[in-house]
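What follows is the residue order along each chain.
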Amino acid sequence: MVLKMAEKTDSSMTSYTEKLTMGICKILESSPGVTDVMFEEKRPAERHMIVNWEQKNGCTLPDDLKNFYLMTDGFQMSWNVKLSDAPIQVGSIVINSISSLSRQGGSHTHSLPNAPSLADLDQDTDEDQPHFDSRNAIFELDPCNGNGKVCLVYKISKPGEVMRDPDIWFLDRALYWHFITHTFIAYYRLLLCHLGLPQWHYVFTSYGLSPQAKQWMNMYKPITFNTASLSEEVDSYVNKLDPNKIFKSKNKTPLTKKKLPPLPAGTQKMNPASTKHPSHTGITTRK
């Protein structure tokens, strides 16, 4: 397997890359069928670029995302699998650069004059869900290779006041929102943990992965896939014993003895001991 990087071969840069990717390059190298891993090194973002973005959009980047951009202006990594003597791209890990962290919603400059915007299509009245109108400020963090979008979602409490800490949400192709995590660093770990497999974000949706995505997940991330599948069939692993039957009182109600009818005249009462221990008269035992 060939690990394709930039032309720099400095050992410090290699160590920096391993820390940034958290060692998944070595994991992919040992995976069956993977032909190459391509990682694009990017220079750190300048501080004035982050300040300009915050002033332009009226939002403050969270500290973990800001520190990430000060290490590298975005992230891009992909890996291929060789099928029928032809490599095809399977894994893709992307985090947009600070300049590509664009706001979503509203009308676009190249759209038709009367074309509806995302805010016009937003009919969900649930306040806990993100919205493309004035209630939220939404920025695309990960394009998900065309399978949806991962976005930074800021809540706007009142006009001109944006909350500081955004959440990470996944927007599928049907424009439904699915919550992923509260912090960028938690999403970054999930991104590397799933190795950029196709449609892995749909693990966090109610309808789950497609059959093709399940095949790739079973092949390269079986533990994660099996753990996620357990949540779908959690009822089959729940103990359904009735505690009322298990911990019922041990005090038994006394049984009332029924009186037997009187025996007819001339009959003798049978000795109970004789029924339990029958006579062995006439039986000899061999020694």
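Looking at an unreviewed UniProt entry, one finds the chain named Knr4/Smi1-like domain-containing protein, with Pelobates cultripes as its source organism.

Quick look at the overall build of the chain now. Secondary structure assignment for the chain yields 10 helices and 10 strands. Taking all 287 residues of the chain together, 33% fall into the buried category. Residue pairs at least 24 apart in sequence account for 57% of intrachain contacts in the chain once pairs closer than 6 positions are excluded. Accessible surface, the chain: about 19800 Å² in total, of which carbon and sulfur atoms supply 54%.

Now for the pattern of salt bridges. This model, assessed by the stated rule, comprises three salt bridges. Note that Glu54 and Lys66 form a salt bridge whose closest N and O atoms lie 3.4 Å from each other. Taken together, the positions of Glu54 in helix H3 (residues 47–57) and Lys66 in helix H4 (residues 63–71) put the pair 12 residues apart, joining distant regions of the chain. Accessibility classification places Glu54 together with Lys66 in one group, the buried group. Residue Lys149 pairs with Glu140 through a salt bridge whose shortest N-O separation is 3.4 Å.

In this section: the nonpolar core. Across soluble globular proteins, nonpolar side chains show a tendency to be buried alongside one another. Within the largest apolar cluster, 48 residues are counted, with the highest numbers of intra-cluster contacts made by Leu61, Tyr69, Phe75, Trp79 and Leu141. Of the residues forming this core, the biggest block, five residues, is contributed by helix H6 (residues 184–193). Among residues more than four places away in sequence, those in contact with Phe75 are Leu20, Thr21, Phe39, Lys42, Phe68, Ile93, Val94, Ile95, Tyr188 and Leu192. Listed in part, the seven residues of the second largest apolar core include Phe132, Val153, Leu171 and Trp177.

Attention now moves to the environment of His201. Note on placement: His201 falls in the loop between H6 and helix H7 (211–220). C-alpha separation for the pair His201 and Cys144, spaced 57 residues apart in sequence, amounts to 8.2 Å. Beyond its immediate chain neighbours, meaning those up to four positions away, His201 contacts Asp142, Cys144, Val150, Phe170, Ile180 and Tyr187. Here Tyr187 takes part through its side chain, which lies 3.2 Å from a polar atom of the side chain of His201.

Note on placement: Asn96 falls in the loop between strand S4 (86–95) and strand S5 (103–104). With near-sequence residues (within four places) excluded, Asn96 lies in contact with Tyr69, Gly74, Leu101, Glu140, Leu141, Asp142 and Pro143.

For Cys144, which is not glycine, the phi torsion reads 55° and is therefore positive. Among the structural elements, Cys144 can be located in the loop between strand S6 (136–142) and strand S7 (149–158). The class of Cys144 is buried, set by a relative accessible area of 7%. In this structure, Asn145 is a non-glycine residue whose phi angle is positive, near 55°.

What counts, and at which threshold
Residues numbered from 1 in each chain as written. Predicted model: local features only at pLDDT ≥ 70, side-chain atom pairs only at ≥ 80, totals over all residues. Heavy atoms only, no water. Helix = DSSP H or I, 4+ residues; strand = E, 2+ residues; numbered from the N terminus. Buried < 20%, exposed > 50% of the residue type's maximum accessible area, 1.4 Å probe, protein only. Contact = heavy atoms within 4.5 Å. Areas by Shrake-Rupley, 256 points an atom, 1.4 Å probe, with all protein chains shown as cover. Salt bridge = Lys/Arg side-chain N within 4 Å of Asp/Glu carboxyl O. Core = buried A, V, L, I, M, F, W, Y, C linked by side-chain atoms within 4.5 Å. Polar contact = N/O pair within 3.5 Å; in protein donor to acceptor, adjacent residues only side chain to side chain.

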